[in-house]
Amino acid sequence: MKTKSHGNPCDDCGSSDALSVYDNGTYCYSCHTSHLHTRHRRLKTKAVIESLKHLPTYRQLDTDVLQWLMVRGIDSSLAHKYELSLADDRRIVIPSYYYGQYLGYQGRGWLPQHDYAKYIQAKGSCPPIFASLSCRYQPVNSVVIVEDAFSAMVVGQIHPAIALCGTQLDHDGIKKALISQASKKYILWLDSDRAGREAARKINRELRSVGEIISIIVTDRDPKLLTRNDIREALR
């Protein structure tokens, strides 16, 4: 996928320079919205974004999506604690809070028809991070930094965790959230794929300017796919 240009304005979130144009579509590094160069998919993406505006209308999770979540370490109890629900197109709606403040929400695709965009952020709703319950309302001694919300939920059962909602640390909201931790001590644990390993090296360098990296954890499987015992062992 070749890049045609960076630094373009995004119509979805209003950013003046976060949109990158590729040969097969566009991606905004501010609101994480993607649009493929197919009219049907672009219109469908915008329709989903519109459907995400009305949080109270979301439906409860049904058996199919609960089974999908279970494979990713999220049981029904954990899904309830984090207020997960379904949007009109059956995306999983993940609300984000930090220090008692509601940041916004994202729609996570899980069906084949969601392949055009795994994650969709509602227009005007761009949560830069996702925090586990254990560090949403007060500073903690140390925090585990992971890639996605599901990993933060699973790891958060054992140790406070914050998800970057990607592999980038270049969003001001992310840096402010991490710096707000009183101890400024971080454990870096990104996904096991190539992108995760490369991002870990880059983020390690960047975080050293604002705090202390206690350790960098590398596992064969993503954090969300591990058992509680495996997570405890990795954090020792």
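Preceding this section is the structure that the text describes.
Notes on the structure follow.

On to the environment of Ala18, then. Its place among the elements puts Ala18 in the loop between strand S1 (3–8) and strand S2 (19–22). By relative accessible area, Ala18 is classed as buried at 14%. Sequence separation between Ala18 and Asn8 is 10 residues; the distance between their C-alpha atoms is 6.0 Å.

The subject of this paragraph is the side chain of Arg91. As for its placement among the helices and strands, Arg91 is situated in the loop between strand S5 (85–86) and strand S6 (92–98). Accessibility expressed as a relative area gives 0% for Arg91, which makes it buried. A polar contact is formed between the side chain of Arg91 and the backbone oxygen of Gly107, at a distance of 3.5 Å. Among the polar contacts made by the side chain of Arg91, one reaches the main-chain carbonyl oxygen of Lys118 at a distance of 3.1 Å.

All right, on to the sheet that holds strand S10 (residues 143–146) then. Read across the open sheet, the 5 strands follow the order S9-S11-S10-S12-S13; overall the sheet is mixed. Edge strands, defined here as strands with exactly one partner in the open sheet, are strand S9 (130–131) and strand S13 (212–216). The sheet contact formed by S10 and strand S12 (residues 185–188) spans 3 bridges and is parallel. Bridge pairing in S12 links Val144 to Ile187. Docked against the sheet, helix H6 (residues 194–207) engages S10, S12 and S13, running at close to 175° with respect to S12.

One pass over the structure, following the stated rule, counts 3 aromatic pairs. Geometrically, the ring pair formed by Trp68 and Trp110 is tilted, given 6.2 Å between the ring centres and 55° between the ring planes. Remark: Trp110 occurs in the loop between strand S7 (101–108) and strand S8 (119–121) and Trp68 occurs in helix H2 (residues 63–71); sequence separation between them is 42 residues. Each member of the aromatic cluster is reached from another via a ring pair, and the members are Trp68, Trp110 and Phe150. Here the basic side chain of Arg72 rests over the ring of Trp68, its NZ or CZ set 3.8 Å away from the ring centre.

Calculation rules
Residues numbered from 1 in each chain as written. Predicted model: local features only at pLDDT ≥ 70, side-chain atom pairs only at ≥ 80, totals over all residues. Heavy atoms only, no water. Helix = DSSP H or I, 4+ residues; strand = E, 2+ residues; numbered from the N terminus. Buried < 20%, exposed > 50% of the residue type's maximum accessible area, 1.4 Å probe, protein only. Polar contact = N/O pair within 3.5 Å; in protein donor to acceptor, adjacent residues only side chain to side chain. Pairing = 2+ DSSP bridges. Contact = heavy atoms within 4.5 Å. Axes fitted to C-alpha atoms, helices over the stretch in contact; angles between N-to-C directions. Phe/Tyr/Trp six-rings, centres within 6.5 Å; stacked < 30°, edge-to-face > 60°. Lys NZ or Arg CZ within 6 Å of the ring centre and 35° of its normal.

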